[in-house]
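Residue-level structural notes
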Amino acid sequence: MANQITPVHITKSPVELFKILKFEGIADSGAEAKNIVAEGHVKVNGEVETRKRRQMVAGDIFQIGEESWQLVD
């Protein structure tokens, strides 16, 4: 069964990866979001991403575990 991709609407681009995790409620705080990324739990466009401040733009897909999100403007 294919995973559903949840859209994440952004109003400006680019946006730092850890901020998306924080504002979407995936992490409870900015510090937790940074740790999630730094520990290698996030894939961006299919590749493990450890840069907390990775600049994300519309069209990018990120994944944590089995859940996926795609940035849309």
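First, a word on what this report is: a plain description of the structure on this page. The structure displayed is predicted, hence computed values, not measured ones.

With respect to the pattern of salt bridges
- Counted by the stated rule, this structure contains four salt bridges.
- Among the salt bridges present, the one from glutamate 49 reaches arginine 51, with a minimum N-O distance of 2.8 Å.
- Overall, glutamate 49 belongs to the buried group, its relative accessible area being 6%.
- Between arginine 54 and glutamate 49 there is a salt bridge; the shortest N-O distance is 2.8 Å. Residues arginine 54 and glutamate 49 agree in their burial class; the two are buried.
- Among the charged side chains, a network of salt bridges with common partners joins Glu16, Lys19 and Arg53.

Overview of the nonpolar core
- Val8, Ile20, Leu21, Val42, Met56, Phe62 and Leu71 are the most contacted members of the largest nonpolar core, which totals 18 residues.
- The dominant element in this core, judged by the number of residues it contributes, is helix H1 (residues 17-23), at four residues.

A word on the environment of glutamine 55
- Residue placement: glutamine 55 occurs in strand S5 (residues 55-56).
- By relative accessible area, glutamine 55 is classed as partly exposed at 41%.
- In this structure the C-alpha to C-alpha distance between glutamine 55 and proline 14, which are 41 residues apart in sequence, comes to 5.4 Å.
- Filtering out sequence-adjacent residues up to four positions away, glutamine 55 remains in contact with Pro14, Val15, Glu16 and Asp60.
- Within polar-contact distance, the side chain of glutamine 55 engages the backbone oxygen of arginine 53 at 2.9 Å.

Some words on the side chain of aspartate 60
- Here aspartate 60 shows up in the loop between S5 and strand S6 (61-64).
- For the buried residue aspartate 60, which engages in no salt bridge, the nearest side chain bearing the opposite charge is arginine 54, 4.3 Å off.
- One polar contact links the side chain of aspartate 60 to the main-chain amide nitrogen of valine 57, over a distance of 3.0 Å.
- What aspartate 60 contacts, discounting residues up to four positions off in sequence, is Asn45, Arg54, Gln55, Trp69, Gln70 and Leu71.

Section: the sheet that holds strand S4 (residues 47-48)
- The mixed open sheet is built from five strands, whose spatial order is S1-S7-S6-S3-S4. In this open sheet, the two edge strands, each paired with only one partner strand, are strand S1 (5-9) and S4.

Analysis parameters
- Residues numbered from 1 in each chain as written.
- Predicted model: local features only at pLDDT ≥ 70, side-chain atom pairs only at ≥ 80, totals over all residues.
- Heavy atoms only, no water.
- Salt bridge = Lys/Arg side-chain N within 4 Å of Asp/Glu carboxyl O.
- Buried < 20%, exposed > 50% of the residue type's maximum accessible area, 1.4 Å probe, protein only.
- Core = buried A, V, L, I, M, F, W, Y, C linked by side-chain atoms within 4.5 Å.
- Helix = DSSP H or I, 4+ residues; strand = E, 2+ residues; numbered from the N terminus.
- Contact = heavy atoms within 4.5 Å.
- Polar contact = N/O pair within 3.5 Å; in protein donor to acceptor, adjacent residues only side chain to side chain.
- Lys, Arg positive; Asp, Glu negative; His and termini not counted.
- Pairing = 2+ DSSP bridges.

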